[in-house]
There are 2 protein chains.
Amino acid sequence: MSWRSRRARAARREAERSWEDARRRARAGQVAGLRALLRGADLRLVIDELERMAPAPRAAAFRILPRDTGLRAFIALGPALQAEVLEQLGHDEAIRLVADLDPDDRARTLDGLPDEQAAVLLEGLSEEARRETELILRHPAESVGRWTTPAVVSVPADRTVGDALELVRTTGSAAETVYVVPVLDELSRVVGVVSLRRLITADQATPLSAVMREPILLRADEDQEVGARLVRDHGAVGVPVVDDEDRLVGILTVDDAMHVLELEEDEDTARSASRARLDRPYLGTSVLQLARGRVLWLLALVLAAGLTVTVLDRFEATLEQVVTLALFIPLLIGTGGNVGAQSASTVIRALAVEEIRASDLLAVVGKELATGVTLGATLGLVAYLPATWFADSSVALVLSLSVLVVCALAASVGALIPILAERAGVDPAVMSAPLITTVVDATGLLVYFLIAGLVLGI
Amino acid sequence: MSWRSRRARAARREAERSWEDARRRARAGQVAGLRALLRGADLRLVIDELERMAPAPRAAAFRILPRDTGLRAFIALGPALQAEVLEQLGHDEAIRLVADLDPDDRARTLDGLPDEQAAVLLEGLSEEARRETELILRHPAESVGRWTTPAVVSVPADRTVGDALELVRTTGSAAETVYVVPVLDELSRVVGVVSLRRLITADQATPLSAVMREPILLRADEDQEVGARLVRDHGAVGVPVVDDEDRLVGILTVDDAMHVLELEEDEDTARSASRARLDRPYLGTSVLQLARGRVLWLLALVLAAGLTVTVLDRFEATLEQVVTLALFIPLLIGTGGNVGAQSASTVIRALAVEEIRASDLLAVVGKELATGVTLGATLGLVAYLPATWFADSSVALVLSLSVLVVCALAASVGALIPILAERAGVDPAVMSAPLITTVVDATGLLVYFLIAGLVLGI
């Protein structure tokens, strides 16, 4: 939250206060109060409140929420709470809620539920809804196809603007989106796209072929994040999704694209801190669940840190002779870690937005090496004088030289590892941070003691 | 990039190959080739190519890009390259390009340019465009108002659906968006909103008041990220923006909302690695610019790391007696740092999506403390046996106990600092990581040596 004016803050606080009041009244006055509470509120506050409720009142709330709000809030809850809500609602109501969802939301919801629960709900859907759902789930996990709504209006290319508009008028209410209308040839292949705005502002007798644009298309088996980025880059309200033979599958809408990007951001944040993504809201997650999502990474990191113990063990004699060397160990490896993290974060971001490619390896590593030397020289100089307060000037010299080398090393490794990961087809964000830390910590200590050996003559 | 099928990968690689071919031909065959290259390509590839070009050919490319592609690509370039392009294009062409931008894009572009260059361009605009731009720039930086397009179609509440549709038909081409139509009372206050879809599917004689929905509104002085999140949460194509008195200012469109979220994500990534955000693409950034964006943070962190030197200096006598204690220093503070980062990342995320609020301080810190104890007990137990290979069992015991305490400490501090920052009105992501590291490293060492003193009797 980079900025917020005092006035906006005050308005927000006031909204929160009146919400608190309403909540208190709702808790005293039961259903009528709850209804008033949920109807008036901002969607974000509704979701927030639902996440904090106990399972039974949460399900009760879904019974009285206006349809649209309820569906949006349900989608926002995430798999674990969705399963709870459907469980609490009971068979018939759960099926009604699931049936009301847009086809792609429905498919992803069912996919996130325990198998048995999903099977029962799928069984309860109409035959058409069931078939639709199964078609969507046939696309690979995390592909564009999983987010593609088949409920769209499309028109044959040999019609006029007026025909197309009439089709939108009569069938548009049931479609998830009508703002992007794919134009099809006789084999259902997408040959163009026309916006609803163009249909309205153009002359009604114009043939569609004269107003349609060349379509930007997405393949259903493309990665969901690539698809979402495409929608964002083009500032599109939706992009037609096609199969191998360019036949229309549906549309990836901008709100689904935003949802994908949010999920991916969440995943990246979690990864960069070496933890698992939470599948339920924080306050609804138990201590054991939190610990479970973090412990494996920590164990791996502790194991990797064993390398630093081994290096130090090898230089124990040196340490015994010049114990002041130990004073600077945290500073040295901390600095190396920070420089490595800066490089890695820059390079991972540049790879993600395709400013650089895996083939730029040499240029990027070279640039980071030069940056690391620049930073290392600066920091090494700065550290020298203060270091002499705690140790001999020769030890301070060892520190300064080590800072220089470690920064250069950390910056190059921080660039190298993400690019190698990308080349190997692994997400650069997954393994980079821990690997970089391990490599930089251990080799940094090695460098430190080798330089100490040279300078101090041990 | 979490998933990508082999087929999608192959299609992508093929597109890149044909692009490389086209580029080679363009470089040999000049303008005609360049035109072919830029016209056929995916927008992402066009932007990518523009970022890698030298200033002169980059400006030349803008002369031949199709209008829409050119404008989208220009917006994506970022302030530094935008200034270069406009400089290269020369006075008249630069003004034409700036005039073609949507009003809010134009205002933000001018705001990002050097003052003198912006003044010259502003001077060259039509009086109406200039006034429009100045109005947008009157909103505070990073507020919703800066992203609000005034070019929208709105209708008085006393008209019919048919009237509204006719207005869209006649004035819609000049508007940035027509899919969300604000409905106004006689004082220009927004009293409702109606989607273009509803206008088309409803009966033409219906009064607007019967089909309009209660509007979700954004205040122009609200923070841009809060606004963008609102658009995303509601899955809206656009949300009306109003002033203090609920009078229409314009619409925040979904593509601008996505752009805001991208910028904020970029900023968060940079912050979490303690570096400045790049204002030009990676390959176009010099080593000195890269170093400058990172060096201040590193200096602060090195300074803070001085605390660890001071702590170790105080326990130098202990270290001299039991030099094996030094072996585990990197492992101990590394583990503390990782646990702290996990907590902080979880809490910062939960604050950002409003799953928790600053008032939940006790609940959150308590939960993280419990999680830290769980993790610390696990890791402490795991570390004990391997530690005995390198040191006495009493030193291994010191390590295990210290891991327990440090994890508990790191998890609580990692939760506490972001929440305190939020309470103080500071962005929790800015200061958290370095502060947590400093606190945890120094107190962690203190804990280690205090426990060593107790257990070893020194």
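Residues numbered from 1 in each chain as written. Chains lettered and ligands numbered in written order. Predicted model: local features only at pLDDT ≥ 70, side-chain atom pairs only at ≥ 80, totals over all residues. Heavy atoms only, no water.

## Description of the relation of the copies chain B and chain A
Next up, step 1: For the match of chain B to chain A, the screw axis carries a shift of 0.0 Å, the RMSD comes to 0.0 Å, and the turn is 180°. Taken together, the turn and the small shift mark the pair as related by a two-fold rotation axis.
Next up, step 2: Interface residue correspondence from chain B to chain A reaches 99%, placing this contact among same-surface, isologous pairings. (Least-squares fit on C-alpha atoms with pLDDT ≥ 70 in both. Contact = heavy atoms within 4.5 Å.)

## A closer look at the sheet that holds strand β3 (residues 190–195) of chain A
Strand-to-strand pairing in sheets goes through backbone hydrogen bonds, with the strands running parallel or antiparallel.
Residues and elements named next belong to chain A.
Next up, step 1: Spatial strand order, β1-β2-β3: three strands in an open sheet with mixed pairing. A single partner strand is all that each edge strand has here, and the edge strands are β1 (155–156) and β3.
Next up, step 2: By the bridge criterion, two bridges tie β1 to strand β2 (residues 180–184) in an arrangement that is parallel. Note on β2: the bridge partner recorded for Val155 is Val183. (Pairing = 2+ DSSP bridges. Helix = DSSP H or I, 4+ residues; strand = E, 2+ residues; numbered from the N terminus.)

## Thoughts on a nonpolar patch on the surface
All names here are of chain A.
Next up, step 1: The grouping of Leu397, Leu401, Leu454 and Val455 at the surface amounts to a nonpolar patch, some 350 Å² of accessible area in total.
Next up, step 2: Only α19 (393–423) and α20 (428–456) provide two or more residues apiece to the nonpolar patch.
Next up, step 3: Tracing the chain through its elements places Leu401 in helix α19.
Next up, step 4: On the accessibility criterion, Leu401 (34% relative accessible area) is partly exposed. (Patch = residues over 30% accessible without salt bridge, like charges linked within 9 Å, V, L, I, M, F, W, Y side chains within 5 Å. Areas by Shrake-Rupley, 256 points an atom, 1.4 Å probe, with all protein chains shown as cover. Salt bridge = Lys/Arg side-chain N within 4 Å of Asp/Glu carboxyl O. Buried < 20%, exposed > 50% of the residue type's maximum accessible area, 1.4 Å probe, protein only.)

## Overview of the UniProt feature "domain: CBS" (unreviewed entry) in chain A
All names here are of chain A.
Next up, step 1: UniProt marks residues 148–210 and 211–267 with the feature "domain: CBS" (unreviewed entry), using the numbering shown here.
Next up, step 2: Secondary structure over residues 148–210 splits into 32% helix and 21% strand, and the C-alpha atoms at its two ends are 27 Å apart.
Next up, step 3: In residues 211–267, the share of helix is 46% and the share of strand is 23%. The end C-alpha atoms are 41 Å apart. (UniProt positions renumbered as here; feature names shortened; annotations may be inferred.)

## Describing the environment of Ala291(A)
Next up, step 1: Following the sequence through the fold, Ala291(A) ends up in helix α15 (residues 287–314).
Next up, step 2: When the C-alpha positions of Ala291(A) and Arg275(A) are compared, they lie 9.4 Å apart, and in sequence the two are 16 residues distant.
Next up, step 3: With residues up to four places along the chain from it excluded, the contact list for Ala291(A) reads Thr371(B), Thr374(B) and Leu375(B).

## Quick notes on the nonpolar core
For soluble globular proteins, the rule of thumb is that nonpolar side chains tend to be buried together.
Next up, step 1: Formed by 94 residues in total, the largest nonpolar core has its most connected members in Leu325(A), Phe328(A), Leu325(B) and Phe328(B).
Next up, step 2: The contact partners of Leu325(B), leaving out residues within four places of it in the chain, are Thr318(B), Leu319(B), Val395(B), Val398(B), Tyr448(B), Phe449(B), Ala452(B) and Leu456(B).
Next up, step 3: Among the nonpolar cores identified, the runner-up in size contains 46 residues, and Val180(B), Val181(B), Val193(B) and Val211(B) belong to it. (Core = buried A, V, L, I, M, F, W, Y, C linked by side-chain atoms within 4.5 Å.)

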